[in-house]
Amino acid sequence: MGRNDGVDHVVVSMMGRGFFGPAIERGGVRLYTLDMRRGMPSPASVYRLIKILRMERPDILQTWLYHADLLGFVFGKILGIKKIIWNVRCSNIAFKNYTFLTRIVVWLLRILSRFSSAVIVNSEAGYAHHVAFGYKPPKWKIIPNGFDLDRFQPNESLRLRFRALIGVSEDEMLAGMVARLDPQKDHACLLDALSLLAKEGLRLKTVFVGRGCEPDGALSLEVKRRELQDVAFLMGEMKNVAELLPGLDFLILSSAYGEGFPNVVGEAMATGLPVVATDVGDTAKIIGTTGRVVPPRNPPELAAALKFMITLDKDTFKGLGVAARANISRTSDIKTIVSEFNALYRKL
């Protein structure tokens, strides 16, 4: 609902309505769009933001991610909004891989952070990194990502449907990586690990889902170069990950840097999947003993973890998935996380 626990929510999207726009509106939340193009705000979009803020007159302006943090802060202050909260969702970003504009934005945020009301981070790693970077807000608050445990859960019919879609039988082991093609996600590390497994005669079928992972995209060339065409399923971007995850046996995330609390790790665990991931951000803490965590940028270690998973006996493997869902249910139920946000709003 638009109003939750005494808080009336309004959403402003810097770009368009996107995938979640209709769901936001169905929930009774007012949604505005600025229709910006990626990279630089236009005068028209800035004017629209000012008009929206003047009309809504929020008690609290909460922004998400670096560019929104800066844009919201500047115009929120100009319009006299007293409580402005930023959100940090990453940890040790490698800025050399990002645009000059993004680097300038983050440098400005470091200076301006002391004039915000609070900074929310979704991971301890993100908190530590931004403190070291020079963020000095009057208040820090760590609130982990939350997950809808009714939407993300084991589902046998979805499992069978997805496997039929890609032609994988019920008894075949199927892993998946859900991540856009980006240096941060280090798809090459996973492909190298799959190659090492193949040399041992272990050909692990793996689904690659995300923007840039199309069958005719750049990733397909890397798959062919490693002769993994028979095990790598390139699906491209899929909007409803909740319908994909039940079809997998376990999730892989091979990120090299920058993660705070990877959403897909929590979604997979809620679905009852063990996770094999690199030790970036709070990933190791989130997974705990319900999966395997390896150093980043290390294909041999990742291959060893994958081999461990695919050679487990069925009962032990199933137990990992049950434990994964229990862990994420205890720490990141969406209802609990919403309550934490609302508690912060009330304090401010």
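Above this text is the structure in question.
An account of the accompanying structure is given in this report. Just so you know, these numbers come straight off a predicted model, no measurement behind them.

How each quantity is defined
- Every chain begins its residue count from 1, and numbering advances along the sequence as written.
- Only residues with pLDDT of at least 70 get local features here, since the model is predicted, and only at 80 or more are side-chain atom pairs given and counted; chain-wide, interface and lining totals rely on the full set of residues.
- As a convention, hydrogens and water are excluded, and side-chain values are obtained from all of the structure's heavy atoms.
- Side-chain atoms within 4.5 Å are what join buried Ala, Val, Leu, Ile, Met, Phe, Trp, Tyr and Cys residues into a set we call a nonpolar core.
- Throughout this description, buried means an accessible area under 20% of the type-specific maximum (1.4 Å probe, protein chains only), exposed means over 50%, and partly exposed covers the range between.
- Per the convention used, a helix needs a DSSP run of H or I reaching at least four residues, while a strand needs a run of E reaching at least two, with both numbered from the N terminus.
- Note on contacts: a residue pair qualifies if any of its non-hydrogen atoms lie within 4.5 Å across the two residues.
- The salt bridge criterion pairs a side-chain nitrogen of Lys or Arg with a carboxyl oxygen of Asp or Glu, the two atoms within 4 Å.
- Here a cavity denotes a set of grid points, spaced 1 Å apart and computed over the protein atoms alone, in which a 1.4 Å probe fits but from which it cannot get out, and a pocket denotes an open set meeting protein on both sides within 12 Å along at least five of seven lines; residues with an atom within 4 Å of a point are reported as lining.
- Grid points are joined across faces, edges and corners, and a volume is the space filled by probe spheres set on the points.
- Paired rings are identified among Phe, Tyr and Trp, the last through its six-membered ring, by centres lying within 6.5 Å, and are further divided according to the angle between planes into stacked (under 30 degrees), edge-to-face (over 60) and tilted (the rest).
- The rule is short: NZ of Lys or CZ of Arg within 6 Å of the ring centre and within 35 degrees of the ring normal puts a charge over the ring.

1. A few points about the nonpolar core
1) Next: Formed by 60 residues in total, the largest nonpolar core has its most connected members in Val-207, Phe-208, Phe-250, Leu-302 and Leu-306.
2) Next: Per-element accounting of this core gives the leading share, six residues, to helix 7 (residues 187-199).
3) Next: The contacts of Phe-208, once residues within four sequence positions are left out, are Met-177, His-187, Leu-190, Leu-191, Leu-194, Cys-213, Leu-219, Ala-232, Phe-233, Leu-234, Met-235 and Gly-236.
4) Next: Judged by nonpolar contacts, the second largest core, of 26 residues, contains Tyr-32, Leu-109, Val-119 and Tyr-135.

2. Remarks on the pattern of salt bridges
1) Next: Applying the stated criterion across every chain, the model contains 16 salt bridges.
2) Next: Among the salt bridges present, the one from Lys-285 reaches Glu-124, with a minimum N-O distance of 2.6 Å. With a gap of 161 residues between them, Lys-285 in helix 10 (residues 283-287) and Glu-124 in helix 5 (residues 124-133) connect regions that are remote in the sequence.
3) Next: The exposure class of Glu-124 is partly exposed, given its relative accessible area of 40%.
4) Next: Across the pair Glu-222 and Arg-225 runs a salt bridge whose closest N-O atoms are separated by 2.9 Å. In this pair, Glu-222 and Arg-225 are both assigned in helix 8 (residues 218-225), three residues apart and thus about one turn of the helix distant.
5) Next: You can call Glu-222 partly exposed: its relative accessible area is 30%.
6) Next: Classification of Arg-225 by relative accessible area gives exposed; the value is 57%.

3. Comments concerning the layout of surface pockets
1) Next: Of the pockets and cavities examined, the second largest pocket occupies roughly 690 Å³.
2) Next: For the second largest pocket, the lining is made up of 24 residues, of which Arg-159, Leu-248, Asp-249, Phe-317 and Lys-318 are closest to its centre.
3) Next: Of all the secondary structure elements, the ones that give two or more residues to the lining of the second largest pocket are helix 6 (156-166) and helix 12 (314-332).
4) Next: Looking at the lining of the second largest pocket element by element, the count peaks at six residues for helix 12.

4. Section: the packing of aromatic side chains
1) Next: All chains considered together, the criterion is met by ten aromatic pairs.
2) Next: With a centroid separation of 6.4 Å and 45° between ring planes, the pair formed by Phe-133 and Tyr-135 is classed as tilted.
3) Next: When its relative accessible area of 24% is taken as the criterion, Phe-133 is described as partly exposed.
4) Next: Pairwise contacts between aromatic rings join Phe-73, Trp-86, Tyr-127, Phe-133, Tyr-135 and Trp-140 into one cluster.
5) Next: It is Arg-110 that lies over the ring of Phe-133; its NZ or CZ is 5.0 Å from the centre.
6) Next: When the ring centre of Phe-308 is taken as origin, the NZ or CZ atom of Arg-292, which lies over that ring, is 3.9 Å away.

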